[in-house]
Structures are given as C-alpha cells and as structure tokens.
Amino acid sequence: MALALADAFLVNGAEPGVPLALSLAAALALVWRRRLPLTVLAVTLVGMFIGYIWFAPLIALYTVAAVRPPDRRVLALAGTAFAVAHFLPYPVSRLPVHDHRTLALDAVNAVVIAAAPLAVGLLSRTRHELAERLDELTRSREREDRLLADQVVATERARLAREMHDVVAHQVSLISLQAGAVQVRTEDTEAQAGARTIRELSVRTLDELRHMVGILRAAGADREELTPQPKLADLPRLLELSALDVTYEDARAPGAERSEAVERAAFRTVQEALTNIRKHAPGAKVRVRVTEPGGGLRVEIRNGPADSAVPCPELPGGGHGLVGLRERAQSLGGTLEAHPTEDGGFVVRADFPRA
C-alpha cells in the first residue's frame, strides 16, 4: 500500500483532482485485497485507467491469482480487464487509431504486463499448496511412525505373553508337583507345612500369571520368535526334568535339522503339553514322538488317563496355552490338533511343513 501511495503521488502530483483521488482510493483499497480481491481489482483498475498508476492494480491482480480458488474464467476475465485498462488511454479519444504499429506495441505490452502478475500469483499459490501438502505428508508420516511403534510394542507384549506362559508356567507347575509329592510322602510336619506353602505359592503365582498373560496377549499378535530359544535337541533334558512317566521316541533321520523357528515351535509344543498333563492328568503315562511324515515334522504328545492315586495339583489355567501353540504352528504354515482320546487320555499333534 505504501508503494501504491507513492506511485499515486509521483504520477499525479500533489494537486487535488479526480485522477489523484481515484489513485489514492486504489492504493487504500489494497487493505481489503485478501478479503475482496475482485472488488479491490475493479477499484484499482479505475485508478489505473484514469490516474495511470501501476503498483495498485499489479498487486491486486497478483492477489486474485494467489488468493482466490483457481478458476480459469475468472483469471482470464481479470487479466483481460487489466490489459484493456492498461491499453486504453484516458480519455479514449486519445487512442492513436491510425497508428497501427503503436497500437500493436501497446496491445502486446498490455498483455505481457497483465500476464506477469497472474503467473507470479499462480506460482505463489502452487508453492503454498505444495508446502501444505508437504506438512500434511509429514504429519501423516509421523502418525504412521507412531502407529508402527505401537504395533511393535503390541507385538513384543504378545511375544512376552507367550514366553511367560511357555516357560514360567512350565517351571512353576513342576515346582508345585514336586512340592505335592513331598507333602504326600513325608511324615515330617514341618516339611509338610513347607511343601503345602510352596504349592499354595505356586498356585497363586500361576493365577497371577494367567491374568498377566491375558492382558499382554490382548495387546497384539505374535509374529516373530524371541532368540535364543531351545530346540528339539533339548527335549531329552526337558523330559528328564518333567517328573512324569514319559516314553520318548525320535524317529527323525540322523542329522536331520529344521529351521530354528520350527524346532522352537516343536519344543514349545511338547513343553506346553507336559504342563497341561501335570495340571489335568497327574500320574498319567506319556509318550512323546517326533517323526518326519512326508518330509515334514510332526510332534505328537499322547497321554493316558490320570492316575487316581496321584493327587491333582489344582493348578490354575488361563486357556492360552493351546491357543498360542496353534497360532505358532499356523504362523509357520503348519497345523495343530488337540483332542481327547477314547481311553480317557489326550493327544496333542503338531505338523510343520518341510520349509
């Protein structure tokens, strides 16, 4: 606006008159150029036609292209009006009708001067839109990063839930079983009380673990395995410490190896099945068999009915063990079956593909 006021006084002088008044009005109208761009352009074009000012109409035409929603018809009309106001003299009778060369040069000059602010305005508008889209893309990327981080946390929580259930539940149930055996066999009152306390603590620990596993598993899905983890080569040691009557048969080819994920899944299947046997079928005879049907890997854990002479440890269960085993097998392209047998026992069978 300061440039437009200076332009008005430099072109028209300080002498009061219609040209100066219209030029000053055009300069002052720039205050509303962003709110009423077309109206301000019309006012400045009057000042340009009569007062021969340039800055105000140039700025107004630029604002029309930069602020208003892009409309080719409006831009073409605004540019044409600017070119006409620039081309025609005031009064119109001074137009050199017979000097064709001058008319042509003035017409070209008016078109070029009208096109310049339109082009700059459109460029400014495009740059502003690109900056907004870039900001939006950056915010969207940040949201995706946060969602990815939340997903990673949820996945880790689910992994932790599985490992807690597979490892801690197995060990605590074994402790409880051994304490129950001590309680039944010993005649020492203090030893019985200590064994009873150990069993109660084991039951309480598994109960709390069940609630924690439920919370953690609700936060995400398991997709990858934690390392390092046991393999099938560690099964004999697991069976030795299980305190169960177990028959182990390894029918794999000598030197046969599988991927670490498959061997860990097979180990966890046996571990969870033994934990369930201690909970629900104490004293039952167990057979663990590892075979390779069709080039794949099969792990089968079969137990008979519980021995009524052996006290039930009464360990709590969260119902997540077999669900986790089935999810683990499916994630590796395999299957898992678990169902009662006709003799009152139970069988868990997991099949894993060759690759």
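Bear in mind the structure is a predicted one, so any value in this text is a computation, not a measurement.

Asker: Hey, could you go over the sheet that holds strand β2 (residues 285-291) for me, with residue numbers and the actual values?
Answerer: Taken together, 5 strands build an open sheet; the order of strands is β1-β2-β3-β5-β4 and the sheet is mixed. In this open sheet, the two strands that pair with only one neighbour each are β1 (245-250) and β4 (335-340). Within the sheet, the average angular offset between the axes of one strand and its neighbour, ignoring direction, is 10°. The strands touched by helix α9 (residues 260-280) within the sheet are β2, β3 (297-303), β4 and β5 (346-352), with β3 carrying the most contacts at an inclination of about 5°. In the packing of helix α10 (residues 321-331) onto the sheet, the strands contacted are β4 and β5, and the crossing angle to β4 comes to about 150°.

Asker: How would you summarise the pattern of salt bridges if you had to cite specific residues and measurements?
Answerer: Considering all chains together, one arrives at 12 salt bridges under this definition. Residues D250 and R252 are paired through a salt bridge, measuring 3.1 Å at the closest nitrogen-oxygen approach. The class of R252 is buried, set by a relative accessible area of 18%. A salt bridge links R264 to E260, with the nearest nitrogen and oxygen atoms 3.5 Å apart. Taken as a pair, R264 and E260 lie in helix α9 at a separation of 4 residues, close to a single helical turn. The exposure class of E260 is partly exposed, given its relative accessible area of 44%. Each of R287, E300, R302, E337 and R349 takes part in one network of salt bridges that share partners.

Conventions used here
Residues numbered from 1 in each chain as written. Predicted model: local features only at pLDDT ≥ 70, side-chain atom pairs only at ≥ 80, totals over all residues. Heavy atoms only, no water. Pairing = 2+ DSSP bridges. Helix = DSSP H or I, 4+ residues; strand = E, 2+ residues; numbered from the N terminus. Axes fitted to C-alpha atoms, helices over the stretch in contact; angles between N-to-C directions. Contact = heavy atoms within 4.5 Å. Salt bridge = Lys/Arg side-chain N within 4 Å of Asp/Glu carboxyl O. Buried < 20%, exposed > 50% of the residue type's maximum accessible area, 1.4 Å probe, protein only.

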